[in-house]
Amino acid sequence: KAGVTQTPRYLIKTRGQQVTLSCSPISGHRSVSWYQQTPGQGLQFLFEYFSETQRNKGNFPGRFSGRQFSNSRSEMNVSTLELGDSALYLCASSPEGDSSNQPQHFGDGTRLSIL
Amino acid sequence: GESVGLHLPTLSVQEGDNSIINCAYSNSASDYFIWYKQESGKGPQFIIDIRSNMDKRQGQRVTVLLNKTVKHLSLQIAATQPGDSAVYFCAEISGGSYIPTFGRGTSLIVHP
């Protein structure tokens, strides 16, 4: 069974631009979560989608948004990019979204660099 | 690849030694715990999990111990190998929550 796939692996953008990152979960997994990972802040939760609905949201500004499609694939979008948005963006999936019973499985992330 | 985190606690061991990585969790209502391993340039990889009704669980070369009294979790790696070099994260989830809370991580360096 293929793992979580994130594209692209690397991106370079400039301040003010916007970016869209893509995540294909493990086949059969319906919950997709997004995290931002930086050396200073560690792993920070962005949002979680289940059945095309945002079910949970972290403490990030509205410039960060996402969506989930009927095939469970998900995208996240960051608008008006800032230097501080440089990070590794990780996607994780789980079967039913009940993380109290099942671990999330992560992709290898998209490394976003803002110039 | 780039390092996952700077200024992380670091554990240096010799190949063949046993390693113990510790994690203090914050929420006494947490009832499910996970250890992840993250190698340079990759995403976190699930290692082992444990529920709060257990205090020990063993996998292949790994053992997780849970002490709910002091809210402490540990990961023991037997006969540590160079391939075990990575950053290790613990995660805690409280009942009814869909979102794990991750620790800051510990960098394990295994010297041949």
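What counts, and at which threshold
- Residues numbered from 1 in each chain as written.
- Chains lettered and ligands numbered in written order.
- Predicted model: local features only at pLDDT ≥ 70, side-chain atom pairs only at ≥ 80, totals over all residues.
- Heavy atoms only, no water.
- Contact = heavy atoms within 4.5 Å.
- Buried area = accessible area lost by both parts, 1.4 Å probe.
- Salt bridge = Lys/Arg side-chain N within 4 Å of Asp/Glu carboxyl O.
- Helix = DSSP H or I, 4+ residues; strand = E, 2+ residues; numbered from the N terminus.
- Pairing = 2+ DSSP bridges.
- Polar contact = N/O pair within 3.5 Å; in protein donor to acceptor, adjacent residues only side chain to side chain.
- Buried < 20%, exposed > 50% of the residue type's maximum accessible area, 1.4 Å probe, protein only.
- Axes fitted to C-alpha atoms, helices over the stretch in contact; angles between N-to-C directions.

A. Here's a closer look at the interface of chain A and chain B. Contact with chain A, which involves 29 residues of that partner, is made by 26 residues of chain B. Taken together, both faces of the contact between chain A and chain B bury some 2,000 Å²; the carbon and sulfur share is 56%. In this assembly, chain A and chain B are joined by zero salt bridges. Secondary structure elements with two or more residues in the side of chain A that touches chain B: strand E4 (31–38), strand E5 (42–50), strand E6 (53–57), strand E9 (87–94) and strand E10 (105–106) of chain A.

B. Broad picture of the pairing of strand E10 (residues 106–111) of chain B. Residue and element names in this part refer to chain B. Looking at chain direction, strand E1 (residues 10–14) and E10 are connected through five bridges and run parallel. What sits directly across from Thr10, in E10, is Ser107. Relative to E10, strand E8 (residues 86–94) runs antiparallel, the two being bridged by three bridges. Paired with Ala86 across the two strands is Leu108, which belongs to E10.

C. Focus on the environment of Leu66 of chain B. Residues and elements named next belong to chain B. For Leu66, the location among the structural elements is in strand E6 (residues 62–67). In this structure the C-alpha to C-alpha distance between Leu66 and Ser52, which are 14 residues apart in sequence, comes to 7.6 Å. When sequence neighbours within four positions are dropped, the list of residues in contact with Leu66 reads Tyr25, Phe33, Ile50, Arg51, Ser52, Met54, Asp55, His72 and Leu73.

D. How the structure looks around the side chain of Gln36 of chain A. All names here are of chain A. Within the element layout of this structure, Gln36 appears in strand E4. In this structure the side chain of Gln36 is engaged in a polar contact, spanning 2.9 Å, whose partner is the side chain of Tyr89. Among residues more than four places away in sequence, those in contact with Gln36 are Gly42, Leu43, Gln44, Leu46, Phe60, Phe64, Gly84, Asp85, Ala87, Leu88 and Tyr89.

E. Region of the structure containing the pattern of salt bridges. Residue and element names in this part refer to chain A. This model, assessed by the stated rule, comprises seven salt bridges over all chains. Put simply, Asp85 and Arg63 hold a salt bridge, and the shortest N to O gap is 2.8 Å. Of this pair, Asp85 sits in the loop between strand E8 (74–78) and E9 while Arg63 is found in the loop between E6 and strand E7 (64–68), placing the two residues 22 residues apart along the sequence. Take Asp85 and Arg63: they sit in the same class, and that class is buried. If you follow the salt bridges from partner to partner, you end up with Arg63, Glu82 and Asp85 in one network.

F. Layout of the sheet that holds strand E7 (residues 72–77) of chain B. All names here are of chain B. Read from one edge to the other, the open sheet built from four strands follows the order E2-E7-E6-E5, with strand pairing classed as antiparallel. The strands lining the two open edges of the sheet, one partner per strand, are strand E2 (19–24) and strand E5 (56–58). The sheet shows a mean angle of 15° between the axes of neighbouring strands, taken without regard to direction. Judged from the six bridges that link them, E6 and E7 form a sheet pairing that is antiparallel. Its bridge partner being in E7, Leu66 is matched across the sheet by Leu73.

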